Amino acid sequence: MPDRVVDFYDRHPISEAQVLAAVARRRGGVDGALTADELFDFDQDHYGGLDAVDALARCAGVTARSRVLDVCAGLGGPARFLASRRGCRVVGLELHPGRAAGGARLTRLVGLAGRVAAIRGDATALPFAAGAFDACLSQEALLHVEPKLAVLAECHRVLVPGGRLAFTDWVARPGLGDREREQLWAWMAATTLQTLDGYRALLGRAGFGAVEAEDLSDAWRPILRARLAMFRAMRADTVARLGEARFGEYDRLYAFFVDLVEAGKLGGGRFTATR
Ligand SMILES: C[S@@+](CC[C@H](N)C(=O)[O-])C[C@H]1O[C@@H](n2cnc3c(N)ncnc32)[C@H](O)[C@@H]1O
């Protein structure tokens, strides 16, 4: 199962190299120290950008004193944003070796290594002690994990009593067919997609209380249309790094995904729960 996820992100248009190339293009070179702020337009691999990270941090009650775990942290963009804006310490846990290592390099480059750590690992078996964190966050990642209950139970274990979990993820809506689920698995490594109620139930089974689920589907439609346009605008970079065929393939799969969201068969949810 994780192999398909690693393969998907091996051939993903967003990468450490692409982030650095985009920053260099914008600032007209790579000379001089980089700041975390210069990365933020490029290193967030979720929907809704920095506002979405802020909203999750509010839901989880993150303060400067919080020990935060970002589950499935990608290139560490949200972790760096939280550390730089809120002053908290963040550990980013990421399955993909290149993304975990690339995230660590980007963090060092912008001088945040004292507050942001990147750990390679699997969200279904968190390599942390019980009660090690005050908040767990995750964005657009649990869609890739088949045993979602295992991840939620692990978040429950590593949170202190009273600690909060806040995450956003794809949610299945009425009309999402088996054939479409199979395509999403084959093309985007998306599996066992939950409904809003399905996630509510899983959070309860994982031991969480005060569960809240918010439907983000309407808000995500324009965001995802813009994201498709963004990937299309990255054509030259993607072709140079991954080839014309992968650019075309990614374009087709992302358009398929966005069409499902437009059709109301797939949407998004934000979930908040307390240990
Ligand atoms: C869409 S990206 C989101 C990255 C990051 N949350 C962000 O917002 O920029 C999903 C990430 O989840 C990671 N991932 C998927 N399954 C995982 C697992 N079982 N354990 C840890 N990370 C995982 C992928 O490798 C990928 O980097």
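Attention now goes to the pairing of strand S3 (residues 116-120). Pairing between strand S2 (residues 89-94) and S3: five bridges, direction parallel. Bridge pairing in S3 links glutamate 94 to arginine 120. Taken together, S2, helix H6 (residues 97-109) and S3 constitute a β-α-β crossover, and its handedness is right-handed.

Looking now at the environment of glycine 102. Residue placement: glycine 102 occurs in helix H6. Using a relative accessible area of 0% as the deciding quantity, one classes glycine 102 as buried. As a C-alpha pair, glycine 102 and glycine 76 span 26 residues in sequence and 8.6 Å in three-dimensional space.

Here the focus is the site of the ligand. Of all residues adjacent to the ligand, which total 22 residues, the nearest are Asp45, His46, Cys72, Glu94 and Ala123. One nitrogen or oxygen atom from the side chain of glutamate 94 is found 2.5 Å from an oxygen atom belonging to the ligand. Glutamine 139 places a polar main-chain atom, nitrogen or oxygen, 3.3 Å from a nitrogen atom of the ligand. For the ligand, the cavity whose grid points lie within 2 Å of the majority of its atoms is the largest pocket. When contributions to the shell around the ligand are tallied by element, the ones reaching two or more residues are helix H1 (2-10) and S2. Broken down by class, the residue content of the shell around the ligand amounts to ten nonpolar, seven polar and five charged.

The final tally for this structure, using the stated rule, is 23 salt bridges. The residue arginine 105 makes a salt bridge to glutamate 16 at a minimum N-O spacing of 2.8 Å. Separated by 89 residues along the polypeptide, arginine 105 in helix H6 and glutamate 16 in helix H2 (residues 16-27) bring together distant segments of the chain. The exposure class assigned to arginine 105 is partly exposed, which follows from its relative accessible area of 38%. Judged by relative accessible area, glutamate 16 falls into the buried class, the value being 19%. By sharing partners, the salt bridges in this structure join Asp7, Arg11, Arg246 and Glu249 into a single network.

The next thing to look at is the pairing of strand S7 (residues 266-274). For S7, the buried fraction is high: nine of the nine residues fall into the buried class. Neither face of S7 is left uncovered, since the one carrying Leu266, Gly268, Arg270, Thr272 and Thr274 and the one carrying Gly267, Gly269, Phe271 and Ala273 both have all their residues buried. Summarising the sheet, strand S5 (residues 159-172) and S7 pair through nine bridges and their orientation is antiparallel. Each bridged residue has a counterpart across the sheet, and for tryptophan 170 the counterpart in S7 is glycine 268. Relative to S7, strand S6 (residues 209-215) runs antiparallel, the two sharing five bridges. When the bridges of S7 are listed, glutamate 214 appears paired with arginine 270.

As a further point, take the packing of aromatic side chains. Aromatic rings in a pair are described by how distant their centres are and how their planes are angled relative to each other. For the structure shown, the criterion picks out 15 aromatic pairs. Ring plane angle 20° and centroid distance 5.7 Å describe the contact between tyrosine 250 and tyrosine 254, whose orientation is recorded as stacked. Of the two residues, tyrosine 250 and tyrosine 254 both sit in helix H12 (residues 244-262), four residues apart, roughly one turn of that helix. Note on tyrosine 250: relative accessible area 4%, which makes it buried. Sitting over the face of the ring of tryptophan 185, arginine 4 holds its NZ or CZ atom 4.1 Å from the ring centroid.

Spatial ordering of the open sheet is given by S3-S2-S1-S4-S5-S7-S6, a layout of seven strands whose pairing is mixed. The sheet terminates laterally at S3 and S6, the two strands that pair on one side only. When strand polarity is set aside, the average angle formed by the axes of neighbouring strands in this sheet is 15°. Bridging between strand S1 (residues 67-71) and strand S4 (residues 133-139) involves three bridges; their strand directions are parallel.

Packing of helix H4 (residues 49-59) against helix H5 (residues 77-86) leaves a shortest axis separation of 10 Å and a crossing angle of 65°. Regarding the angle of H4 to H5, the classification is roughly perpendicular. Seen along the crossing, H4 lies across H5 with a hand that is right-handed. Of the residues in H5, those in contact with Leu50, Val53, Asp54, Ala57 and Arg58 of H4 are Pro78, Phe81, Leu82 and Arg86. When grouped by side-chain class, the residues that make up the contact of H4 with H5 number six nonpolar, no polar and three charged.

How each quantity is defined
Each chain has its residues counted from 1, running along the sequence as written. Where totals are concerned, whole chains, interfaces and linings use all residues; where local detail is concerned, this predicted model gives features only for residues with pLDDT of at least 70, and gives and counts side-chain atom pairs only at 80 or more. Where side-chain values are given, they derive from all heavy atoms of the structure, hydrogens and water being excluded. Two strands qualify as a pair provided that DSSP identifies no fewer than 2 bridges between them. To qualify as a helix, a DSSP run of H or I must reach at least 4 residues; to qualify as a strand, a run of E must reach at least 2; elements of each kind are numbered from the N terminus. We call a crossover right-handed when, viewed with the strands running away from us, the connection from the first strand over the helix to the second turns clockwise. Think of it in three bands: with a 1.4 Å probe and only protein chains considered, a residue is buried below 20% of the maximum accessible area for its type, exposed above 50%, and partly exposed in between. It suffices for a single heavy atom of a residue to lie within 4 Å of a molecule or strand for the residue to be listed as near it. What qualifies as a polar contact is a pair of N or O atoms within 3.5 Å, subject to a donor-acceptor requirement within protein and to the restriction that residues adjacent in sequence count only when both atoms come from side chains. Throughout, the protein atoms alone are placed on a 1 Å grid, and a set of points is a cavity if a 1.4 Å probe fits but cannot get out or a pocket if it is open with protein on both sides within 12 Å along at least five of seven lines; lining residues have an atom within 4 Å of a point. A cavity or pocket is said to hold a molecule if more than half of that molecule's atoms lie within 2 Å of its grid points. Note on residue categories: nonpolar means Ala, Val, Leu, Ile, Met, Phe, Trp, Tyr, Cys or Pro, charged means Asp, Glu, Lys or Arg, and polar means any other residue, Gly included. The salt bridge definition used is simple: a Lys or Arg side-chain nitrogen within 4 Å of an Asp or Glu carboxyl oxygen. Each Phe, Tyr or Trp ring, with Trp reduced to its six-membered ring, pairs with another whose centre is within 6.5 Å; inter-plane angles below 30 degrees give stacked pairs, above 60 give edge-to-face pairs, and intermediate values give tilted ones. A ring is scored as having a charge over it whenever the NZ atom of a lysine or the CZ atom of an arginine sits within 6 Å of its centre and within 35 degrees of its normal. The convention used is that axes are lines fitted to C-alpha atoms, helices contributing only their stretch in contact, and that angles between N-to-C directions extend from 0 to 180 degrees. An angle counts as roughly parallel when it lies under 35 degrees, as roughly antiparallel when it exceeds 145, as roughly perpendicular when it falls between 65 and 115, and as oblique in every other case. Each helix crossing is assigned a hand: it is left-handed if the near helix lies turned anticlockwise from the far helix by less than a right angle, otherwise right-handed if that turn is clockwise. Contact between two residues is taken to exist if any of their heavy atoms lie within 4.5 Å; hydrogens are not considered.

Remember, this is a structural readout, not a statement about activity or role.
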